[in-house]
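Chain residues, written in single-letter form:
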Amino acid sequence: MTDRERSNQVSMSPNGEVFDLPGAEDYVREFERLRQTVDEQRVAGKEIVVVMGVGFVGAVMAGVVADAVDAGTGKSPYFVIGMQRPSVRSFWKIPTLNQGRSPVEAEDPEVAPLIERCVKEKQTLVATYTYEALTLADVVVVDVQCDYFKETLGNVRQGHADIKALEESLQIIGDKIPPDCLVLIETTVPPGTTEYVAYPIIKKAFEARGLNDVEPCLAHSFERVMPGRDYVASIKEFWRVCSGINAVAREKVVRFLSQVLNVDQFPLTVLDRPIESETCKIVENSYRATLLAFLDEWSLFAERNGVDLTKVVDAIKVRPTHSNIIFPGPGIGGYCLPKDGGLGVWSYNTLMGFEDDIFKITPLAIDINDTRSLHAVQLVRDALRNMGKIVAASRIALLGASYRQDVGDTRYSGSELIVRKLAEMGAEVVVHDPYVKRWWELEKQDSYPAPGHSMARFFRNQESLKDLAVCDQLETALEGIDALVLAVGHRAYRELEPDTVIRMTGRPVAVIDCFNLLDDDKIRRYFELGCEVKGLGRGHVKRIKDNVACR
């Protein structure tokens, strides 16, 4: 690291590019640049949209809005300003976006050309670091992160919604925006946030500006973004729910979303109040999380009683009314499912002020999902024991760092807890994932996702994980290992043949299947090669082992 980087006056991108943070004099020049550009865009008939936060959701949402075309005129109705706070951690996103490059890595081949097209060809998208951009806005889309901080692993009740960054952003919005500006909160928030948090903050800010008779124009419409190859489509070609704090806000948000999204094929659902839209997202994700947690206990049942749960699930899915039942895997990752139910519980007690305990299933589901990964580590331990080895003296390869198959998103992945628990037990861990270049939750665990929020706080022996690099070659990761954890259902791992794996490892190993990657033929072949096999919900494995032994 150079002296320049140590000074904390620069921001480094994930691929190592270094950008100087702006100084006081830069802000004046930056706003003048924006103001002149906006004047030109208004003459061209465009409305100005400011997207606050150009992270995982905001960057692509900004591109989708900037790429929109008016059906009547065939022209772009909006000029978009992506705004990001100029912190050491995030400032690099601004110059990166202004170069026409996406600040987020995505498997979707549409993301990069979308950003490049809007910045360079259509010239409908720029990025900035100055909050003064808000003074120019007709619409502000809020994509500021709202997290849930868990104080104890496996007990969501011992935690709270972390809405400080959102509150600070809303205060700045109230101080800056024109009084008739539409503020659309797209962030997943605790139910009641728009009415009980955003409205009073902006209303008081208006009053401080002398706008005593002006009502804030507030709306909520949560995103349903899905990482993967259909990332852009999950924003543009998908059903949306929206609501406004009053009739004017509802009318404006419907008009805006109808210009940006494909509402002809995916009609909007307009609810009366923002709390209904906010609750919709929480219930939607809590339902999914509960369904996955439900199968955890049956997974244990299957392991202990000779049942292959994957075959049971497939048999149930034949019935159309139960076709959405799915095998849960080693933990429920992604940004939404591990926390969203907690936002609802917190809101009920904190924002609404109820003191009774009506929530039973929702928090329990989160707790089960949060700790499911630890059982995968127990299977690693047991498989190694059957081979006369212990975790503390073993080299263990984990295949898959992301939270779901064929994507590179590592947020709250079950794999992270597997690695952390193995490290706590003294294992040497190597990681491979074809979609992940840098595992920030480990590499930057002192500050990512925020200081004091790393999962490292729940385990011992975590310091060395900051130096754990994701291997880019599978053979390198597998060479000389004692155990192999198939943690994510990436296509490349599903296609792995046992003989190929053992050629790479150089010896029989313990194989732990966390996601039903191995069919019975592959399990049988691993046993024939002298390996030990365990699997989540795969209670029938011992039958196959005994059959091989008899033969």
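Here is a short report on the structure shown in this document.

What counts, and where the lines are drawn
Residues numbered from 1 in each chain as written. Predicted model: local features only at pLDDT ≥ 70, side-chain atom pairs only at ≥ 80, totals over all residues. Heavy atoms only, no water. 1 Å grid on protein atoms, 1.4 Å probe; cavity = no way out; pocket = protein on both sides within 12 Å on 5 of 7 lines; lining within 4 Å. Points joined across faces, edges and corners; volume = space filled by probe spheres on them. Nonpolar A, V, L, I, M, F, W, Y, C, P; charged D, E, K, R; others polar. Axes fitted to C-alpha atoms, helices over the stretch in contact; angles between N-to-C directions. Helix = DSSP H or I, 4+ residues; strand = E, 2+ residues; numbered from the N terminus. Parallel < 35°, antiparallel > 145°, perpendicular 65-115°, else oblique. Left-handed = near helix turned anticlockwise from the far one by under 90°. Contact = heavy atoms within 4.5 Å. Buried < 20%, exposed > 50% of the residue type's maximum accessible area, 1.4 Å probe, protein only. Pairing = 2+ DSSP bridges.

To continue, consider empty space enclosed by the protein. One pass over the full model with this rule turns up two cavities of 30 Å³ or more. By volume, the largest cavity is sized at about 100 Å³. Lining the largest cavity are 13 residues, with Asp370, Tyr412, Ser413, Leu417 and Met455 sitting closest to its centre. Classifying every residue of the lining of the largest cavity by side-chain character gives six nonpolar, five polar and two charged. What the second largest cavity holds in volume is close to 40 Å³. In terms of lining, the second largest cavity is formed by Pro330, Gly331, Ser402, Tyr403, Arg404, Gly414, Ser415, Ala487, Val488 and Phe515. The residue makeup of the lining of the second largest cavity, split by class, is five nonpolar, four polar and one charged.

Let us now look at the packing of helix H13 (residues 361-386) against helix H14 (residues 414-424). Between H13 and H14, the least distance of the axes is 8 Å, while the angle of their chain directions is 50°. One element, H13, and the other, H14, form an angle in the oblique class. In this structure, the crossing between H13 and H14 has a hand that is right-handed. Two secondary-structure elements touch here, H13 through Asp370, Ser373, Leu374, Ala376, Val377 and Val380 and H14 through Gly414, Leu417, Ile418, Lys421 and Leu422. For the contact of H13 with H14, a count of residues per class yields seven nonpolar, two polar and two charged.

Turning to the environment of Trp92, a few remarks are in order. With respect to the helices, strands and loops of the structure, Trp92 is situated in the loop between strand E4 (78-83) and helix H4 (93-98). Among the residues examined, Trp92 registers a relative accessible area of 9% and is labelled buried. For the pair Trp92 and Val18, spaced 74 residues apart in sequence, the C-alpha separation works out to 7.4 Å.

Taking strand neighbours across the sheet as the criterion, the six strands line up as E15-E14-E13-E16-E17-E18 in an open arrangement whose pairing is parallel. Whereas interior strands pair on both sides, the edge strands pair on one side only; in this sheet they are strand E15 (470-471) and strand E18 (532-535). As paired elements, strand E17 (residues 510-513) and E18 share four bridges and run parallel to each other. Looking at the pairing, Asp513 lines up with Gly535 of E18.

Take the environment of Val214 next. In this fold, Val214 is placed in the loop between helix H7 (193-208) and strand E10 (217-220). Between the C-alpha atom of Val214 and that of Leu295, which follows or precedes it by 81 residues, the distance is 51 Å. Excluding residues that lie within four positions of it along the chain, Val214 makes contacts with Pro179, Lys203 and Phe206.

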